[in-house]
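Chains, contacts and geometry: an overview
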Amino acid sequence: MADRVTVIGWDGSPLTEAARGALSAATLVAGAAHHLALPEVPARAERIRLGSVDLAARRIAGHRGTAVVLADGDPGFFGVVRTLRAPEHGLEVEVVPAVSSVAAAFARAGMPWDDARVVVAHTRTLRRAVNVCRAHPKVAVLTSPGAGPAELALLLEGVHRTFVICEALGTEREQVTVLTSDKAADHTWRDPNVVISIGGSAPTGGGWLMGPDPGPVRGWGLPPQEYEDDTAPTAGRTPELRAAQLARLGPRVGDLVWDIGTGSGAFAAEAARFGAAVIAVDADPAACARAEAAARRSGVQLQVVAGRAPYVLERLPEPDVVRVGGGGADVVAACADRRPERIVTHAGTRDAAEAAAAALAAGGYAVECVLLQSVDLDPATWAERARSTAFLVAGRRPAP
């Protein structure tokens, strides 16, 4: 095992005395090509071009001597330190940090970033990074080849954002570009780069918590009046059913939720408060307006699409979970064809519930059916004010 492993962050500024001292004693240096070209790297040291950090960690673990790993920015922030400290390598590291590329990008933009989400986009995580940009008003994206500004923009189709694209930070080739997201695919961008995605009117942090503020609303399964919905309640729109549907779907950060037949927008707004991106669909323009109003009151962002399911679904991006609030078994079957992880719907009659369950089963989903009954009582007299009964039908895609 290496006698000592020092991880040095580099942000383009001159190396600190501690970093120069560690480099001068190094018998092995690992880093990208531009790191290994630094004049402080000893000529006698073995050099490892850093591609796979895991493979480099194995080489370092077997090295007899003093090792240095060079990395851009702060190596402890979405950087190499996590891999080097993994139990299978057994490496104890000292870290000499530099300014992270995210901090540098926001500094170039002249913006605070304690209220921002930060995500890493690889080809395998690109869709989830895009969903975070859909759901949140301020996001920094650490990109990679094949998952850069152009790819982000293409997958954000239909959602307007402003991009601040910071290329080659800390180098002579540094460039900062501000443009709307729909124009990003028209350009070729140099790696490495950081994208700051800005857009929407949801409230940002209050200066006490890293990341987005929890928002003005507390609780889920809230009564209709919380959404200024004064229409007569139905079996498919009770808070109790909505809470059960949210529990079955489990929306989370990085997910894309379809809310088909959004109605009052209550389910869409509550799903978005879990951090998920939500597309609310309804054929009724008044329902679309109610969903937008519910989002504003809840301090979240929704993409509202006017159209009739299942036809409108063809042009929507792939969902992770789906609530079908209207349209029956045909819409359930169309959603199952898109292979989301979970689907939930409801029915007022047993025949309709059986049809929805059959559509899910035909799509290869494990099906759950529950009969939910709720009774609203007057707390003063304990008299019954309203009674609601509905079938909850949920499908879960089996693990591969």
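Quick look at the structure, then. (Residues numbered from 1 in each chain as written. Predicted model: local features only at pLDDT ≥ 70, side-chain atom pairs only at ≥ 80, totals over all residues. Heavy atoms only, no water.)

Helix and strand counts for the protein stand at 12 helices and 17 strands. Projecting the C-alpha coordinates of the protein onto the three principal axes gives extents of approximately 85 × 45 × 40 Å. For the protein, the proportion of its 400 residues judged to be buried stands at 49%. The contacts in the protein between residues at least 6 apart in sequence include a share of 60% that link residues at least 24 apart. Here the protein has roughly 19000 Å² of accessible surface; of this, 53% comes from carbon and sulfur atoms. Here the protein carries 41 positive and 45 negative side-chain charges, and the mean point of each set is 3 Å from the other. (Helix = DSSP H or I, 4+ residues; strand = E, 2+ residues; numbered from the N terminus. Buried < 20%, exposed > 50% of the residue type's maximum accessible area, 1.4 Å probe, protein only. Contact = heavy atoms within 4.5 Å. Areas by Shrake-Rupley, 256 points an atom, 1.4 Å probe, with all protein chains shown as cover. Lys, Arg positive; Asp, Glu negative; His and termini not counted. Charge placed at Lys NZ, Arg CZ, Asp CG, Glu CD.)

What follows deals with the sheet that holds strand 9 (residues 175-180). Taken in spatial order, the 5 strands of this open sheet run 6-7-10-8-9, and their pairing is mixed. With partners counted over all chains shown, the strands left at the sheet margins are strand 6 (117-120) and strand 9, one partner each. Each strand of the sheet is rotated relative to its neighbour by a mean of 20 degrees, with strand direction disregarded. Where strand 8 (residues 162-167) lies against strand 9, 6 bridges are found, and the strand directions are antiparallel. In the strand pairing of strand 9, Phe 163 is matched with Leu 179. Sheet contacts for helix 6 (residues 126-135): strand 6, strand 7 (138-142) and strand 10 (193-198); angle to strand 6, the most-contacted strand, approximately 165 degrees. (Pairing = 2+ DSSP bridges. Axes fitted to C-alpha atoms, helices over the stretch in contact; angles between N-to-C directions.)

Moving on, we get to the environment of Ala 272. With respect to the helices and strands, the residue Ala 272 is situated in helix 9 (residues 266-272). Taking the relative accessible area as the measure of exposure, Ala 272 reaches 10% and is therefore buried. Between the alpha carbons of Ala 272 and Gly 299 there is a distance of 9.3 Å; along the sequence they are 27 residues apart. Apart from the residues within four sequence positions on either side, Ala 272 is in contact with Val 278, Val 300, Gln 301 and Leu 302.

A few words on the side chain of Ser 264. Inspection of the secondary structure puts Ser 264 in the loop between strand 11 (256-260) and helix 9. For Ser 264, a relative accessible area of 12% translates into the label buried. There is a polar contact of 3.3 Å between the side chain of Ser 264 and the backbone nitrogen of Ala 266. (Polar contact = N/O pair within 3.5 Å; in protein donor to acceptor, adjacent residues only side chain to side chain.)

Listed as buried for helix 3 (residues 53-61) are Ala 56, Ala 57 and Ile 60. Buried residues of helix 3 fall within an arc of 105 degrees about the axis and therefore sit on the same side. Set apart from the buried face of helix 3 by more than 90 degrees, the exposed residues are Leu 55 and Arg 58. Buried residues belonging to helix 3 abut strand 1 (4-10), strand 2 (28-31), strand 3 (46-49), strand 4 (66-72) and helix 4 (81-84). (Arc of directions from axis to C-beta.)

With that settled, consider the layout of surface pockets. In this model, the largest pocket occupies a volume close to 1500 Å³. Lining of the largest pocket is provided by 49 residues; of these, Asp 72, Phe 78, Gly 79, Thr 143 and Pro 192 occupy positions nearest its centre. Contributions of two or more residues to the lining of the largest pocket are made by helix 2 (33-36), strand 4, helix 4, helix 5 (101-109), strand 6 and strand 10. (1 Å grid on protein atoms, 1.4 Å probe; cavity = no way out; pocket = protein on both sides within 12 Å on 5 of 7 lines; lining within 4 Å. Points joined across faces, edges and corners; volume = space filled by probe spheres on them.)

Core analysis: the biggest nonpolar cluster contains 27 residues, and Trp 258, Ile 260, Leu 313, Cys 335 and Ile 343 have the highest contact counts within it. Secondary-structure elements contributing two or more residues to this core are strand 11, strand 12 (277-282), strand 14 (321-324), helix 11 (328-336), strand 15 (342-347) and helix 12 (350-362). In terms of residues, this core owes the most to one element, helix 12, which gives 5 residues. Apart from the residues within four sequence positions on either side, Leu 313 is in contact with Trp 258, Ile 260, Ala 334, Cys 335 and Arg 338. Within the second largest apolar cluster, 21 residues are counted, among which are Val 257, Val 278, Ala 291 and Leu 302. (Core = buried A, V, L, I, M, F, W, Y, C linked by side-chain atoms within 4.5 Å.)

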